[in-house]
Amino acid sequence: MKCPYCGQLDNRVIDSRLSRDKTITRRRRHCTACEQRFTTYERIEMTLPMLVKKDGRRESWDRGKILLGLEKACEKLPVSMEQLDAFVDRIERRLQDVGGKEIPTSQLGEWVMEALPEIDVVAYVRFASVYRQFKDVNEFMDELKHFLGKGKGGQP
């Protein structure tokens, strides 16, 4: 493993831990050249279906891309990176369960829209405003009414 500080390959693992669901190994490393410590994460690389965009283009699953979108939706909210990682892990498992070679990105977006209110309602509204690409305030209000009608309006 290359040290992110000095670029040397000579380092040693000083601690390893499995995630709660035992799918990710976190390794704490120590560079013997510059004495810095850094963390790496090891996960199984799975063959996931290709994503088919609305315009017909196909692209590979990019965990970082969906994580970035979720980070933006959760900015300045009490949502931890562990929660977001677990959320994306669940999406990846659903992609695996599909079993096909391709899946429309619209399906992926719907999965996120279904599950995001469980993490944070404000994050859901933020994500929906970008994902649904509302043309005006009325479309946005319709989505909120639909959301509130499902009983997920954050009522005490």
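Computed from a predicted structure; not experimentally measured.

(A) Local environment of the overall build of the protein. A count of helices and strands for the protein gives five helices and six strands. In sequence order, the protein lays out its α and β elements as β-β-β-β-β-α-α-β-α-α-α. For 156 residues, the compact-globule estimate of 2.2 N^0.38 gives 15 Å, and the protein exceeds it by more than 25% at 19 Å. For the protein, the C-alpha atoms occupy an extent of roughly 60 × 40 × 25 Å along the three principal directions. Total accessible area on the protein is roughly 10,600 Å²; 50% of this is exposed by carbon and sulfur atoms. Mean positive and mean negative side-chain charge positions of the protein (29 and 25 charges, respectively) differ by 3 Å.

(B) Region of the structure containing the side chain of Arg 27. If you trace the backbone, Arg 27 turns up in strand β2 (residues 24-31). A polar contact of 2.9 Å, which involves the side chain of Arg 27, links it to the side chain of Ser 16. Not counting residues up to four positions away in its chain, the partners in contact with Arg 27 are Val 13, Asp 15, Ser 16, Phe 38, Thr 39, Thr 40 and Glu 42.

(C) Up close: helix α1 (residues 63-73). Of the positions making up α1, those classed as buried are Arg 63, Ile 66, Leu 67, Leu 70 and Ala 73. All buried residues of α1 lie within an arc of 115 degrees about the axis, which places them on one face of the element. Buried residues in α1 make contact with β3 (37-43), α2 (81-98), α3 (105-119) and α4 (121-131).

(D) Geometry of the environment of Arg 58. Here Arg 58 lies in strand β5 (residues 58-59). According to the relative accessible area criterion, Arg 58 is partly exposed, its value standing at 46%. Along the chain, Arg 58 and Ile 103 lie 45 residues apart, while their C-alpha atoms are 9.5 Å from each other. From its side chain, Arg 58 meets the backbone oxygen of Gly 56 in a polar contact 2.6 Å long. A polar contact is formed between the side chain of Arg 58 and the side chain of Glu 102, at a distance of 2.6 Å.

Each value, and the rule that gives it
Residues numbered from 1 in each chain as written. Predicted model: local features only at pLDDT ≥ 70, side-chain atom pairs only at ≥ 80, totals over all residues. Heavy atoms only, no water. Helix = DSSP H or I, 4+ residues; strand = E, 2+ residues; numbered from the N terminus. Rg over C-alpha atoms; globule rule 2.2 N^0.38 Å. Areas by Shrake-Rupley, 256 points an atom, 1.4 Å probe, with all protein chains shown as cover. Lys, Arg positive; Asp, Glu negative; His and termini not counted. Charge placed at Lys NZ, Arg CZ, Asp CG, Glu CD. Polar contact = N/O pair within 3.5 Å; in protein donor to acceptor, adjacent residues only side chain to side chain. Contact = heavy atoms within 4.5 Å. Buried < 20%, exposed > 50% of the residue type's maximum accessible area, 1.4 Å probe, protein only. Arc of directions from axis to C-beta.

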